[in-house]
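Residue-level listing of the chains:
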Amino acid sequence: MINQLIHMKIITSQRLALAIGCLFATGLHANDLLIADFEGDTYAPWQVTGDAFGTAPAKGTLSGQMHVEGFKGKGLVNSFFKGDDSTGSLASPEFRIERKFIAFLIGGGKSDKLALQLLVDGKVVRSATGPNEKQGGSESLAWESWDVAEFSGKMATLRIIDDAKGGWGHINVDHIVQTDVKPKGFAKDVERQFTATTRYLHIPIKNDAPKRVVTLLVDGQRVVRNDIELADAAPDWWAPMDVSAWKGKTLTLRVDKLHADSAALSSIEQSDALKDAGNLYREPLRGQFHFSPMRGWNNDPNGCVFYNGEYHLFFQHNPYGWGWGNMHWGHAVSRDMVHWEELGDKLAPDDMGPMFSGSAVVDWNNTSGFGKDGKPPLVLIYTAAGNPTVQGIAYSTDGRTFTKYGGNPVLKQITGGNRDPKVMWHEPTKKWVMVLYVTLPGGKHTVHFFTSPNLREWTQTSITDGIAGTAYLHECPDFFELSVDGDATKKKWVLLGADTAYGIGTFDGARFAPEQSNIRGHRGRDAFYAPQSFSDIPASDGRRILIGWWRTETKGMPFNQSMSVPLELKLTQTVDGPRMTYTPVRELDSLRAKSHKFDIATLKPEDKNPLAGVQAELVELRAEFEPGDASEVLFTVRGAAIVFDAKKQELSVNGHRAPAPLRDGKQRLIILCDRTGVEVFASDGLTFMPMAFQPKAGDLALKVEAKGGTAKFQSLQVHELKSAWIAR
Ligand code: FRU
């Protein structure tokens, strides 16, 4: 990798201060007057009220608190005593202002109820608070200071208040001094310039560091702004910022606020390859047959479509953070939905806001006019979640480069909570149909239906909120037709919400008439959300394939979350009406590296484990059995316990239970196990249980047991799978 450090420029009004700031950090200025260092066994001579501060300075982190750092010596003021809800104050004795500045270390929550205050003549003349106002954040203290020259010679006091409760309801303070040296602090609008010579700028990320506003300017024009947890020193990981679109141009990275000695900008390197890529896709918590982004966070799948022989998977992506934020549309393509190639972000936040979820269609008849040379355009329909929150479109004729439509937005704000357009072509009415999630004032969830002749102009046709006010539809709606038990004469429309609860009914091109509403979807533990089905799968294939956001947290990795395996959806008739079934797509069979078939007709409690001879990291286990007089049939897959309770006809996966009825007296199970979880399919796919779970790396054991009686097995197979990322 070639590092090209092109000319660097730090522009700041505090340049001089930066140079001398380092000295200050060690607290060595001979003339400094110490006001308080909080190293004593009590706060005396400061006076305490309430219980937030305890009776003496804290010795670092308090119980239940994230790691506190950046204070001097052993003690500090830490109002997390008894947690965030405790309140109180600390007041200093009077002192004379004899230097130009008062400097201090401060951290904790950001609020006007959390403050270090300077009082002169009984009035608050200066006030400072901590940096954190949202979940996450950091317990790191940093230098701040006040210019107090105007109060020279006056008597003053300091007060530290904590009147805040709830998240970040505490403040940390340490080492308060009077000084004549303008102390090191933040520099504002710090910039560095580059000439774009390679694909990436590598941005250093420290998870949970305070977020900085980082703006990229190209030839002086603002292109994109992101909120980034920049690493001032050693990063946790490097986020690649793709600047290939501006080769040869002058790029400026501007950071709103940076510590004077921060290495965040100076450490940025340019190269064509990902930094630290040696381990890419081999990371210990990288799902090996589930899509996850190379770097950063993903949530919902977006723009799922089949176009020019490729499946396209766009996704909600934070390229510059381990957590949610800076929503871009990441992009990956695959010929089989199993082996994905990530191509980089295609929609970046713009003046209309961050790029929230949406869908994609192939405009075969070029109704939009975006086609070129007879090539039908691929059109993305997305939410720009600014203020107002609107719907926009973007198009491409090669599936690689996308252009946002100049006439955006195509749909104005309805309420603040209108998002996640899913669009489909409705052949009988020859119109585009959009389903859009809309929260009504008062919080009611609805799906609004729109139609369009050309993807650019939309007319509302109806609103659905389920039957009799059962407002079950949460975000990211999907809408498609499925035949019941494969009978093309018996088709039903399915309206699906983000949590996979769904309604079944009919649709006339304008209005959905539900016959059944609020049917429970997947049965996992909150691990599967906002799935989307692929558009434009050829009629000759005829499948409806869904992929979902699989909430698999991967601590310590330079990426976070993943997608489920692609799932084929069907409707099957049950006594309760038609119900949706989920099964893994057959394309996954190509990952089978080694298959084991076990010819056991019966399994008794005393039998030895038939799977004892198999060790596998990536597992597909298939079983068909009749429980017979066994009370339980229990599978252990790398530490995950999957138990069929014959009497209750329930399945439990790691203790989480779901109904799993026998079908024709049989239970058919599919268990997929990757490094981040298990996906379990029971009752011919009527019960789908995606469960995040991290098997121990060394535990490769598999086991099947019958309890309380003998079970009959029609088949039992284990397929050891290979990685979809790495050829072994
Ligand atoms: C669902 C969701 C969507 C939204 C997106 C933002 O997970 O909240 O409604 O468009 O995530 O990332």
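Residues numbered from 1 in each chain as written. Predicted model: local features only at pLDDT ≥ 70, side-chain atom pairs only at ≥ 80, totals over all residues. Heavy atoms only, no water.

A common measure of how large an interface is: the accessible area buried when the components associate. If you check the domain split of the protein, you get domain 1 (13-179), domain 2 (186-271), domain 3 (296-584) and domain 4 (586-721). The C-alpha centroid of domain 4 is placed 58 Å from the C-alpha centroid of domain 1. (Domains from an automatic or database assignment.)

So, on to empty space enclosed by the protein. If you roll a probe as big as a water molecule over the atoms, it shows you where there is empty space left. Counted under the stated rule, the structure contains two cavities of 30 Å³ or more. A volume near 70 Å³ is recorded for the largest cavity. Lining the largest cavity are 13 residues, and of these Gly-358, Asp-420, Cys-476, Pro-477 and Gln-532 lie nearest its centre. Of all elements in the fold, only strand 19 (296-307), strand 23 (355-362), strand 27 (418-426) and strand 35 (528-533) reach the threshold of two or more residues within the lining of the largest cavity. Broken down by class, the residue content of the lining of the largest cavity amounts to six nonpolar, four polar and three charged. Its boundaries defined by the atoms lining it, the second largest cavity holds a volume of some 60 Å³. For the second largest cavity, the lining is made up of 13 residues, of which Phe-289, His-290, Phe-291, Met-337 and Trp-340 are closest to its centre. Residues of the lining of the second largest cavity, tallied by class, amount to 11 nonpolar, two polar and no charged. (1 Å grid on protein atoms, 1.4 Å probe; cavity = no way out; pocket = protein on both sides within 12 Å on 5 of 7 lines; lining within 4 Å. Points joined across faces, edges and corners; volume = space filled by probe spheres on them. Helix = DSSP H or I, 4+ residues; strand = E, 2+ residues; numbered from the N terminus. Nonpolar A, V, L, I, M, F, W, Y, C, P; charged D, E, K, R; others polar.)

With that settled, the discussion passes to the state of the cysteines. Each disulfide consists of a covalent bond between the sulfur atoms of two cysteine residues. One pass over the full model with this rule turns up zero disulfides. Here Cys-304 is not disulfide-linked; the sulfur of Cys-476 is the nearest cysteine sulfur, at 11 Å. Owing to a relative accessible area of 0%, Cys-304 belongs among the buried residues under this scheme. A relative accessible area of 8% places Cys-476 in the buried class. (Disulfide = S-S within 2.5 Å. Buried < 20%, exposed > 50% of the residue type's maximum accessible area, 1.4 Å probe, protein only.)

A word on the sheet that holds strand 45 (residues 640-645). Spatially, 47-46-45-44-51 is the arrangement adopted by the five strands of the open sheet, whose pairing is antiparallel. Each having just a single partner strand, strand 47 (656-659) and strand 51 (702-707) make up the two edges of the open sheet. This sheet shows a mean twist of 15° between the axes of neighbouring strands, independent of strand direction. Here strand 45 pairs with strand 46 (residues 650-653) via four bridges, running antiparallel. What sits directly across from Asp-645, in strand 46, is Glu-650. (Pairing = 2+ DSSP bridges. Axes fitted to C-alpha atoms, helices over the stretch in contact; angles between N-to-C directions.)

As a matter of local geometry, the ligand sits amid 13 residues, with Asp-300, Gln-316, Trp-324, Arg-419 and Asp-420 nearest to it. Between the ligand and the protein, one listed contact pairs an oxygen atom with a side-chain N or O atom of Asn-299 at 3.0 Å. Contact distances for the ligand include 2.5 Å between an oxygen atom and a side-chain N or O atom of Asp-420. Computed on the free molecule, the ligand has an accessible area of 320 Å², of which 91% lies beneath the protein chains in the complex. Looking at the shell around the ligand, the elements with two or more residues in it are strand 19, strand 23 and strand 27. Here the shell around the ligand is built from residues that sort into six nonpolar, three polar and four charged. (Near = heavy atom within 4 Å. Polar contact = N/O pair within 3.5 Å; in protein donor to acceptor, adjacent residues only side chain to side chain. Areas by Shrake-Rupley, 256 points an atom, 1.4 Å probe, with all protein chains shown as cover.)

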